[in-house]
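Chain by chain, the residues:
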Amino acid sequence: MMTDVQEYDLSNDRSGTIARPAIPAVQVRPAASSDAVPQSADDAPVITTDALSIYYGKFAAVQEATMAIPPRQVTAIIGPSGCGKSTLLRAFNRMNDFIPGMRVTGGLRCLDWEVYGSKTDAVELRRRVGMVFQKPNPFPKSTYKNVAWGARVNGYRGDLDELVERSLRQAALWDEVKDKLHASSLALSGGQQQRLCIARAIALQPDILLMDEPCSALDPIATSKIEDLIDALKERYTVVLVTHNMQQAARVSDLTAFMYMGRLIEFDATNTIFTSPHNRQTQDYITGRFG
Amino acid sequence: MSRSQADWTLAAPAPPGGSYERSRTDRTDALFRPRLGLRRFIGTLFAVTCLLMTVAAIGMLVVLLVRVGLDARPWLSRHFLTNFPSTLYPERAGIWSALVGTAWLIGLTSLFSVPIGIGAAIYLEEYARKNWFSRLVHLNIANLAGVPSIVYGILGLAMFVRFCHLGRSVLAGALTMSLLVLPVIIIAAREALSAVPDSIRHAAYALGATRWQVIWHHVLPAALPGICTGIILALSRAVGEAAPLMMIGALTYVAFVPSGPLDTFTALPIQIYDWVSRPQSDFHGLAAAAIVVLLAILLTMNALAIGLRSWYQGRQP
Ligand SMILES: Nc1ncnc2c1ncn2[C@@H]1O[C@H](COP(=O)(O)OP(=O)(O)O)[C@@H](O)[C@H]1O
Ligand SMILES: [Mg+2]
């Protein structure tokens, strides 16, 4: 199907079952509303943006981005530094709120929330939309407290010990820290700290995990561990991964969005983006002609 | 704009052979006049000057301390600490009432100034919007920290002694001292709070914590050593202040200890001032002894501040 409208189909991949509306070469249009296109509730997009623009003062860091991110897949956002990847990602769980002068226009839905709607409580949203930051930022407390704290402040009523173990196992960190759970997390290596941050985020059992260049401060071995982990995480979680590393996006993601100068240039299956992108700028970027 | 091979050859090291060596010497000779001797001489001169200034500063302090220590030596005894002052018998005079008065004063002052100071700092740093108004407030607090202490005495006299009818009580003194130390505490606490990295705050917010939880569980504990140091240093300033207490009319001769916040009182600096201003040399010796006690208290407080900080830093998990 080589029209300017592309319907992608990854064989034996869940995205194939997602009803994708017509995709102009430049942008992915989401379903106008979830009931307009029949789809099982299970596979409905978990994040949809509609002409979303994000401003810092007068400067538009993200301009009219429209995309729909499907559940339980890894969606990578790539693009040169400063193109607005982090800004877009932080909008999904309202971590941009802490930047004075930040303004949002357009639509953004995340799970059941109109993210910037007046009725939305960012605190509630953030429990369901976790985040892992570029630099590992464990609390200067024990490993155990790092994982348990988020659950505790959110009124978790289950068994904390069990939750800590389960989260650390899911983050592939348990074996390395099980004997020093109550020692300071700052004594862990950078890669371990980052996996601890992932464990801490998934302890809240979020639906979505946002990761902003989670490997950029890590060595290659730690990076490949995190990449394996991301691959395992998509069983349960929707992962949105910002990376400036194209190989990483190609390795771990199912879908890739390419951004350039605040615009979402192309959003498609990772395969397509890296083998036959529709946009000239995407092609230039992935072949290394700029950036 | 593809990066061609040519871009890389520029950064590559010079090829082996004589040309690299020769060009290096040529450039050095032509472009630089090292004058190493002169530069080293200036460096030595600077270091020696700084050393002399250090010696001058510390030397004067040492002379002062030694003189006070020698004057105080014959008068320092256990009785000096536990006796009441006496205007007739210097050999039986002590600083008990001044010590207890100072303890009352500092106790009440910290009771008022610490919660208010920390609360104000948290509000200003964590809650208030950063706009021109909050900057103005900050600037004015910094200015208040520089206001001479006698001015606070005048304010205390008008407000607490007269207007609130607290009289010359410890309470009036402590309230006045609180005004004096509040700006210092607020500034120190604010600095400690703003030194807490934002990455910690963001990590906590991203876990679905409320602002209060973020502050209470992470920001405040991380800032606590700095806040405590600031508080102790501010209070040690209050311990040594005489002027505002004189202004609100603290008594100089008190032969009893306050039994409640509304009692009259004296304090160490006032007692020292009283003794120094008497003509008999015996009282000057008493004053020296009281100064030694005051210095010991101040040193202890400062050591406490340092100790607290390092203890806290060692105690991570
Ligand atoms: N706090 C901020 N205030 C003002 N401008 C910002 C801020 N953060 C980022 N920007 C600007 O927004 C643009 C996008 O930034 P960012 O989203 O961090 O890019 P990326 O993550 O793709 O490198 C950049 O031009 C950057 O300078
Ligand atoms: Mg970024």
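Model, not experiment: these values are computed from the prediction.

1. Thoughts on the confidence of the model for chain B
All names here are of chain B. Looking at chain B, pLDDT values average 85 and 90% of them are 70 or higher. When mean pLDDT is compared element by element in chain B, helix H9 (residues 198–206) scores highest at 95, while helix H1 (residues 5–11) scores lowest at 45. For residues 1–12, every residue scores under 50 in pLDDT, and the model assigns this stretch three contacts once sequence neighbours within four places are set aside. As scored by the predictor, the complex reaches a pTM of 0.80 and an ipTM of 0.84.

2. Observations concerning the interface of chain A and chain B
The interface is formed by 27 residues belonging to chain A together with 17 residues belonging to chain B. Taken together, both faces of the contact between chain A and chain B bury some 1900 Å²; the carbon and sulfur share is 68%. Where chain A touches chain B, the interface holds zero salt bridges. Counting every contact that joins chain A to chain B gives five residue pairs in polar contact (both at pLDDT 80 or more). Elements with a minimum of two residues in the side of chain A that touches chain B: helix H2 (122–128), strand S6 (129–132), helix H3 (143–153) and helix H6 (190–202) of chain A. For the side of chain A that touches chain B, the element with the most residues is H3(A), which contributes four residues.

3. Remarks on the pattern of salt bridges
Residue and element names in this part refer to chain A. Throughout the structure, instances matching the rule amount to 17 salt bridges over all chains. Of the charged contacts in the structure, one is a salt bridge between Arg-109 and Glu-114, with a shortest N-O distance of 3.2 Å. Taking relative accessible area as the criterion, Arg-109 reaches 36% and is therefore assigned partly exposed. Through salt bridges that share partners, Asp-231, Lys-234 and Asp-254 make up one connected network.

4. Regarding the domain arrangement of chain B
For an interface, size is often stated in terms of accessible area lost upon the parts coming together. All names here are of chain B. With domains assigned, chain B is organised as domain 1 (36–75) and domain 2 (81–315). On a C-alpha basis, the centres of domain 1 and domain 2 stand 31 Å from each other. Taken together, the six residues of domain 1 in the interface contact 10 residues of domain 2. Here domain 1 meets domain 2 over a buried area of about 570 Å², counting both sides, of which 89% is carbon and sulfur. Three residues stand out in domain 1 for area buried against domain 2, namely Val-68, Ala-72 and Trp-75, and they jointly supply 81% of the buried area on that side. The interface formed by domain 1 and domain 2 holds zero salt bridges in total. Applying the counting criterion to the domain 1 and domain 2 interface returns zero residue pairs in polar contact (both at pLDDT 80 or more). Per-class residue counts for the side of domain 1 that touches domain 2 are four nonpolar, one polar and one charged.

5. Some words on the layout of surface pockets
By volume, the largest pocket is sized at about 920 Å³. Residue lining of the largest pocket: 27 residues in total, with Asp97(A), Phe98(A), Ile99(A), Glu126(B) and Arg211(B) positioned closest to the centre. Elements that contribute at least two residues to the lining of the largest pocket include exactly H2 of chain A together with helix H5 (96–127) and H9 of chain B. Split into classes, the residues belonging to the lining of the largest pocket amount to 12 nonpolar, four polar and 11 charged.

6. Looking at the packing of helix H8 (residues 170–194) of chain B against helix H10 (residues 211–240) of chain B
Residue and element names in this part refer to chain B. Where H8 contacts H10, the axes come no closer than 8 Å and their chain directions differ by 150°. Relative to H10, the element H8 is oriented roughly antiparallel. Pair H8 / H10 crosses with right-handed handedness. Within the contact between the two elements, H8 uses Met-177, Leu-180, Val-181, Val-184, Ile-185, Ala-188, Ala-189, Ala-192 and Leu-193 and H10 uses Val-219, Leu-220, Ala-223, Gly-226, Ile-227, Gly-230, Ile-231, Ala-234, Arg-237 and Ala-238. A breakdown of the residues in the contact of H8 with H10 according to their chemical character gives 16 nonpolar, two polar and one charged.

Criteria and cut-off values
- Residues numbered from 1 in each chain as written.
- Chains lettered and ligands numbered in written order.
- Predicted model: local features only at pLDDT ≥ 70, side-chain atom pairs only at ≥ 80, totals over all residues.
- Heavy atoms only, no water.
- pLDDT = per-residue confidence, 0-100.
- Helix = DSSP H or I, 4+ residues; strand = E, 2+ residues; numbered from the N terminus.
- Contact = heavy atoms within 4.5 Å.
- Buried area = accessible area lost by both parts, 1.4 Å probe.
- Salt bridge = Lys/Arg side-chain N within 4 Å of Asp/Glu carboxyl O.
- Polar contact = N/O pair within 3.5 Å; in protein donor to acceptor, adjacent residues only side chain to side chain.
- Buried < 20%, exposed > 50% of the residue type's maximum accessible area, 1.4 Å probe, protein only.
- Domains from an automatic or database assignment.
- Nonpolar A, V, L, I, M, F, W, Y, C, P; charged D, E, K, R; others polar.
- 1 Å grid on protein atoms, 1.4 Å probe; cavity = no way out; pocket = protein on both sides within 12 Å on 5 of 7 lines; lining within 4 Å.
- Points joined across faces, edges and corners; volume = space filled by probe spheres on them.
- Axes fitted to C-alpha atoms, helices over the stretch in contact; angles between N-to-C directions.
- Parallel < 35°, antiparallel > 145°, perpendicular 65-115°, else oblique.
- Left-handed = near helix turned anticlockwise from the far one by under 90°.

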